[in-house]
Amino acid sequence: MYQDKTLVCKECGEEFIFTAGEQEFFAEKGFQNDPQRCKACRDAKKRAGKAPRELFTTVCANCGKEAKVPFEPKNDQPVYCSECFAAIKAQQD
């Protein structure tokens, strides 16, 4: 039913493919207009409005490796690196 379309990005002027799968997804979501920007320009526009996330460095309470977390660690609770956190979470499930 849908066929790939070649469109031109209004930001960078480059051609991009609006695939049949993407068209089907747009139709399911009720979008009536084709995209006007390529994937790279859409992603750049999304990132432009967001402030960079501040990361805090701490030591994992389980393995002792350095861990970067998106919150300021407090001394009253343990903080884990992503690997240890995932392992602990898997044990709880």
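Keep in mind that this is a model prediction, so the values were computed, not measured.

### Details of the nonpolar core
Phase 1: Of all hydrophobic cores here, the largest spans seven residues; its members are L7, C9, F16, F18, F26, C38 and C41.
Phase 2: Apart from the residues lying within four places of it in its own chain, the contact partners of C9 are E14, F16, Q36, R37, C38 and C41.

### Some thoughts on the packing of aromatic side chains
Phase 1: Going through the model one piece at a time under the given rule, you end up with three aromatic pairs.
Phase 2: Residues F25 and F26 carry aromatic rings whose centres are separated by 6.5 Å and whose planes lie at 65 degrees to one another, so their mutual orientation is edge-to-face.
Phase 3: A relative accessible area of 19% places F26 in the buried class.
Phase 4: On the basis of an interplanar angle of 80 degrees and a centroid distance of 5.3 Å, the ring pair of F26 and F31 is categorised as edge-to-face.

### A few points about the confidence of the model for the protein chain
Phase 1: Overall, the prediction assigns the protein chain a mean pLDDT of 92, with 100% of residues at 70 or greater.
Phase 2: For the protein chain, the element scoring lowest by mean pLDDT is helix α2 (residues 39-48), at 90; strand β1 (residues 5-8) scores highest, at 97.

### Concerning the environment of C60
Phase 1: Here C60 is to be found in the loop between β3 (56-59) and β4 (66-69).
Phase 2: Every residue in contact with C60, bar those within four places of it in the chain, is listed here: K65, V79, Y80, C81 and C84.

### Points about the pattern of salt bridges
Phase 1: Counted by the stated rule, this structure contains four salt bridges.
Phase 2: A salt bridge links E11 to R37; the nearest nitrogen and oxygen atoms lie 3.2 Å apart. Taken together, the residues span a long stretch of sequence, with E11 in the loop between β1 and β2 (15-18) and R37 in the loop between α1 (20-29) and α2 at a distance of 26 residues.

### Comments concerning the side chain of R37
Phase 1: Given the relative accessible area of 17%, R37 is considered buried.
Phase 2: A distance of 3.2 Å separates a polar atom in the side chain of R37 from a polar atom in the side chain of E11.
Phase 3: The contact partners of R37, leaving out residues within four places of it in the chain, are C9, K10, E11, F16, R42 and K45.

### Some thoughts on the pairing of β2
Phase 1: The alternating pattern of β2 places F16 and F18 on a buried face, while none of E15 and I17, on the opposite face, is buried.
Phase 2: When β1 meets β2, the two strands line up antiparallel, connected through four bridges. Note that in β2 the partner of K5 across the bridge is F18.

Cut-offs and rules
- Residues numbered from 1 in each chain as written.
- Predicted model: local features only at pLDDT ≥ 70, side-chain atom pairs only at ≥ 80, totals over all residues.
- Heavy atoms only, no water.
- Core = buried A, V, L, I, M, F, W, Y, C linked by side-chain atoms within 4.5 Å.
- Buried < 20%, exposed > 50% of the residue type's maximum accessible area, 1.4 Å probe, protein only.
- Contact = heavy atoms within 4.5 Å.
- Phe/Tyr/Trp six-rings, centres within 6.5 Å; stacked < 30°, edge-to-face > 60°.
- pLDDT = per-residue confidence, 0-100.
- Helix = DSSP H or I, 4+ residues; strand = E, 2+ residues; numbered from the N terminus.
- Salt bridge = Lys/Arg side-chain N within 4 Å of Asp/Glu carboxyl O.
- Polar contact = N/O pair within 3.5 Å; in protein donor to acceptor, adjacent residues only side chain to side chain.
- Pairing = 2+ DSSP bridges.

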